[in-house]
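# Survey of secondary and tertiary structure
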Amino acid sequence: MATVNSVTTTNPVETDGRGVPLVEVHDLRKTYQLGETEVHALRGVSVSIHAGDFVAIMGASGSGKSTFMNILGCLDKPTSGRYLLEGVDVSRLTKKELARIRNQKIGFVFQGFNLLGRTTALENTELPMLYSKTNKNDRDRRAREALAQVGLADRADHFPSQLSGGQQQRVAIARALVNQPRILLADEPTGNLDSRTSVEVMEIFQRLNLTGLTIILVTHEPDIAQFAKREIVFRDGQIRRDDVVKVPHMASEVLKTMPTIRD
Amino acid sequence: MKSLRRNLIRTVLTILGLVVGIAAFICVVGVGKAGSAKVEKELQKLGDNMIWIEAGSRATNGVRFGTRETKSLTVEDARAIFAQIPGLKRMSPNVDGRVQVVYGTQNWNTTYRGVAPEYFDIRRWEIQTGTIFTHDDVERDVPVCLLGQTVADNLFPNEDPVGKSIRVQAMPCRVIGVFQPKGASASGWDQDDFVAMPYTTAMKRIGGTSWLDDIFFSGTSRSAIPIATRQAVSLLRERHHLHPEEPDDFNIRSPEDVIRMQLQSSEIFTMLLGTIASLALLVGGIGIMNIMLVSVTERTREIGIRLAIGATEADIQFQFLAEAVAISILGGLLGVIAGMGASSLFQSTLQWDIKLTPQLLVFSGLFAAGIGIFFGYYPSRKASQLNPIEALRYE
């Protein structure tokens, strides 16, 4: 799984003896030209994230956290600085290679779910495999497995409009998982969900993190961040704080204390 | 592909634009083709690489003379041209005029035509019953004749004319054959209204003349006609002792050329109509482009999602191009069917002559697919160039 393209590998910086970090950024800067004014979305961000970590990124809107996520997700390129993904310098890759990385190594979960309407849960989950030349049988099998992982095996043939918000987000998670990525990037995944459903989604994330999946989560809800292992706070395009969460909340425990008002 | 089905009405309307364009194209080109085929047939009937020398100048001091005024064209001229000029394979002198023909109580005013047996090959006259006369009959100016269908119908409403004796003016004459009818000519006169006989018989026993009205030739090929025509002109001028400043006292033409020009102009007309019909196709194509652009805008978010989960630009472009091509191939197929249907409807109700060739149908279908690729390219390119971040944020 962790295939490293040796040609584009640059000498990795050993940070804490745990080997090559999964994500490593150095002095990342991003400047937009908005009409006359220059907007400095990122002003020198350096951070390492290792495999198996669960990071919550906090910050007010405009703090640069979304720009940071877009760069991590290979949807955007930094103005300067380096981004190494598994030791590979991503800024040197072609658009086609970036598309492949997004397909194979990264899973996206969005605030607004971003499912294709009038397309069933199963077909939505299969979507990434359409772009990785997976044959029909494998597609179907793996999509069903991914849906089972998020507890929606029995909703495979439902359309997004027939599913609750929590269920839609779980389909989106299944879609993000289906190509077995190295990182799950979640951009305010609970922003559109009620508190119980939010915790349910976090329960899934914690479960996936236990199996070794690295998760980077953007949120502005402090109690959601408490389910992560590490909390990074952005402010004005820089990292303000980078702390280990002392005792992460266990979503499965929290759920027991919450009233069960289903949908 | 699924999105085509989801926006069914929109897809159907887009396809309809193309269907109408293709169908119009097929009908118009079919009409043109039928016109060309008709002229071609006319050409075939007219004669076999015919060169026609007519007595009488084209114009003398601006006054056009009738052919009957000129007495300089002779059988010797005809023989000399045929003997000396290469590229000619058949020759027939011709004398003609109006004449009254009588059989029993039946009476008919028609044209007599004194010719050599070759005439029937040059002008492509086929025998329906009986035989044509021989060179021997010409030699001995035997009073035999053949009837055009119109004459046969008028003199012999209930009888077989072959073997019967009729009177041509004062001359008793035995009918030895009847021609296959040719029908009306392109200019509308009845080509079957005539009596044919050896030219010697006609000259001595009917016209009482020693000169010819026309000489007909067949060229060995189409390409031989222009040279043979030029050579015939100079030979005739020499034989008629014409000074260089004097106009020709004869008129030489190859009517097939005239009709060929007609054919050409009918082809040009077809092209013109085809071009107009292509404009309808162009409009259909613009319709596809329009709908694809709308579709790209509507599905901006979807494109963002697809890019985020790993679609390449090429994947996105292919997806939209495939939709455009699917629309246009479907439109092309339906257009071909509609074109065939419309043309058979026109044929049966308006008696239009429409000719559909397989090439035309295949070409139209391919043309439609080409339109899809051409007009689908820009929208699909636009889709593939969307910025995924902005596309994901698009409401």
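Since this is a predicted model, take the numbers as computed values, not measurements.

## What to know about the overall build of chain A
Counting its secondary structure elements, chain A contains 8 helices and 10 strands. For chain A, the C-alpha radius of gyration of 18 Å lies close to 18 Å, the compact-globule estimate for 263 residues. By its C-alpha atoms, chain A is 45 × 45 × 45 Å across when sized along the principal axes. A burial count over chain A gives 54% of its 263 residues as buried.

## Notes on the nonpolar core
One finds Ile-53, Ile-81, Phe-120, Leu-147, Ile-166, Val-168 and Met-197 of chain B to be the most contacted residues of the largest nonpolar core, which totals 67 residues. Once residues lying within four places of it in the same chain are set aside, the contact partners of Phe-120 of chain B are Val-115, Trp-125, Ile-132, Phe-133, Leu-146, Phe-179 and Ala-196 of chain B. In terms of nonpolar packing, the next biggest core, distinct from the first, is built from 43 residues, Leu-115, Leu-213, Leu-217 and Phe-227 of chain A among them.

## Considering the packing of aromatic side chains
Residues and elements named next belong to chain B. Taken as a whole and judged by the stated rule, the model has 15 aromatic pairs over all chains. The interplanar angle of 40° and the centroid separation of 4.2 Å between the aromatic rings of Tyr-103 and Phe-156 together place this pair among those described as tilted. With a gap of 53 residues between them, Tyr-103 in strand 2 (residues 88-103) and Phe-156 in the loop between helix 6 (149-155) and strand 6 (165-168) connect regions that are remote in the sequence. Residue Tyr-103 is classed as buried on the basis of its relative accessible area, which comes to 17%. Judged by relative accessible area, Phe-156 falls into the buried class, the value being 4%.

## Remarks on the interface of chain A and chain B
On the chain B side, the residues contacting the 23 residues of chain A number 20 residues. For the pairing of chain A and chain B, the buried interface totals around 1,800 Å² over both sides, and the portion due to carbon and sulfur atoms is 57%. The largest share of the area that chain A buries against chain B comes from Leu-75, Asn-114 and Tyr-131 of chain A, three residues that together contribute 32% of it. On inspection of chain A and its partner chain B, the count reaches 1 salt bridge. Among the salt bridges present, the one from Glu-313 of chain B reaches Lys-95 of chain A, with a minimum N-O distance of 2.8 Å. Taken together, the links from chain A to chain B amount to 5 residue pairs in polar contact (both at pLDDT 80 or more). The set of elements that each furnish at least two residues to the side of chain A that touches chain B consists of helix 2 (95-104) and helix 3 (121-130) of chain A. In terms of residues, the side of chain A that touches chain B owes the most to one element, helix 2 of chain A, which gives 5 residues. Tallied by class, the residues present in the side of chain A that touches chain B amount to 9 nonpolar, 6 polar and 8 charged.

## Considering the domain arrangement of chain B
Structurally, chain B comprises domain 1 (2-42 + 260-393) and domain 2 (50-253). For domain 1 of chain B versus domain 2 of chain B, the distance between C-alpha centres works out to 56 Å.

## Description of the domain arrangement of chain A
All names here are of chain A. The assigned domain composition of chain A is domain 1 (46-77 + 94-105 + 182-255) and domain 2 (114-180). Measuring from the centre of the C-alpha atoms in domain 1 to the corresponding centre in domain 2 gives 21 Å. Contacts between the two partners involve 13 residues from domain 1, matched on the other side by 14 residues from domain 2. Taken together, domain 1 and domain 2 are joined by 0 salt bridges.

## Focus: the packing of helix 3 (residues 75-84) of chain B against helix 8 (residues 224-239) of chain B
All names here are of chain B. It is at 10 Å that the axes of helix 3 and helix 8 come closest, and there the two elements cross at 140°. As judged from the angle between their axes, helix 3 and helix 8 are oblique. Once helix 3 is placed against helix 8, the crossing between them reads as right-handed. Residues Glu-76, Asp-77, Ala-80, Ile-81 and Gln-84 of helix 3 form the contact with helix 8, whose participating residues are Ala-232, Leu-235, Leu-236 and Arg-239.

## Some points on the pairing of strand 8 (residues 194-198) of chain B
Residue and element names in this part refer to chain B. Within strand 8, 5 of the 5 residues are buried, leaving the element largely enclosed by the surrounding structure. Here strand 3 (residues 106-115) pairs with strand 8 via 5 bridges, running parallel. Its bridge partner being in strand 8, Arg-113 is matched across the sheet by Ala-196. Of the strand pairs in this sheet, strand 5 (residues 144-147) and strand 8 are connected by 2 bridges, and their pairing is antiparallel. Directly across from Leu-146, in strand 8, lies its bridge partner Ala-196.

## Section: the sheet that holds strand 1 (residues 23-34) of chain A
Residue and element names in this part refer to chain A. Strand order across the open sheet formed by 4 strands is 2-1-4-5, with antiparallel pairing between neighbours. In this open sheet, the two strands that pair with only one neighbour each are strand 2 (37-49) and strand 5 (88-89). Note: strand 1 against strand 4 (residues 80-85), 5 bridges, orientation antiparallel. Its bridge partner lying in strand 4, Val-23 is registered against Leu-85.

## Some details on the environment of Gly-21 of chain B
Residues and elements named next belong to chain B. Within the secondary structure, Gly-21 is located in helix 2 (residues 8-46). On the basis of relative accessibility, which here comes to 1%, the residue Gly-21 falls in the buried class. In this structure, the C-alpha to C-alpha distance between Gly-21 and Thr-110, residues 89 residues apart in sequence, is 52 Å. Other than its neighbours up to four places away in sequence, Gly-21 contacts Ala-277, Ala-280 and Leu-281.

Calculation notes
Counting starts from 1 at the beginning of each chain's written sequence and moves along it residue by residue. Chains and ligands are labelled by the order in which they are written, letters from A for the one and numbers from 1 for the other. With pLDDT at 70 or above as the cut-off, local features in this predicted model cover only qualifying residues; side-chain atom pairs require 80 or more to be listed or tallied, and sums for whole chains, interfaces and linings still use all residues. Side-chain metrics in this entry use all non-hydrogen atoms of the structure; hydrogen atoms and water are not considered. By definition, any uninterrupted DSSP run of H or I lasting at least four residues is a helix, any uninterrupted run of E lasting at least two residues is a strand, and each is numbered from the N terminus. Radius of gyration means the value over C-alpha atoms here, while the globule rule gives 2.2 Å times the residue count to the 0.38 power. Buried means the residue's accessible area, taken with a 1.4 Å probe over protein chains only, is under 20% of the maximum for its type, while exposed means over 50%, and partly exposed covers the values in between. Definition used in this section: a nonpolar core is a set of buried Ala, Val, Leu, Ile, Met, Phe, Trp, Tyr and Cys residues joined via side-chain atoms within 4.5 Å. In what follows, a contact means two residues having at least one pair of non-hydrogen atoms within 4.5 Å. Only the six-membered ring of Trp is used, alongside the rings of Phe and Tyr, when aromatic pairs are assigned; centres must lie within 6.5 Å, and planes under 30 degrees apart are stacked while those over 60 apart are edge-to-face, with the rest tilted. The term buried area denotes the loss of accessible surface (1.4 Å probe radius) that occurs when two parts are joined, taken as the sum for both partners. The rule for a salt bridge is simple: a side-chain nitrogen of Lys or Arg has to be within 4 Å of a carboxyl oxygen of Asp or Glu. We call two N or O atoms a polar contact when they sit within 3.5 Å, provided that within protein one can donate a hydrogen and the other can accept it, with sequence-adjacent residues counted only if both atoms are side-chain atoms. Here the nonpolar group is Ala, Val, Leu, Ile, Met, Phe, Trp, Tyr, Cys and Pro; Asp, Glu, Lys and Arg are the charged ones; every other residue, Gly included, is treated as polar. Domain limits in this description derive from either an automatic procedure or a database domain assignment. Only the contacting stretch of a helix is used when fitting its axis, a line to C-alpha atoms as for every element, and angles between N-to-C directions run 0 to 180 degrees. Roughly parallel here means an angle under 35 degrees, roughly antiparallel means over 145, roughly perpendicular means 65 to 115, and every remaining angle is called oblique. Crossings are assigned a handedness: left-handed for a near helix turned anticlockwise from the far helix by less than a right angle, right-handed for a clockwise turn. Two strands pair under a simple rule: DSSP has to find at least two bridges between them.

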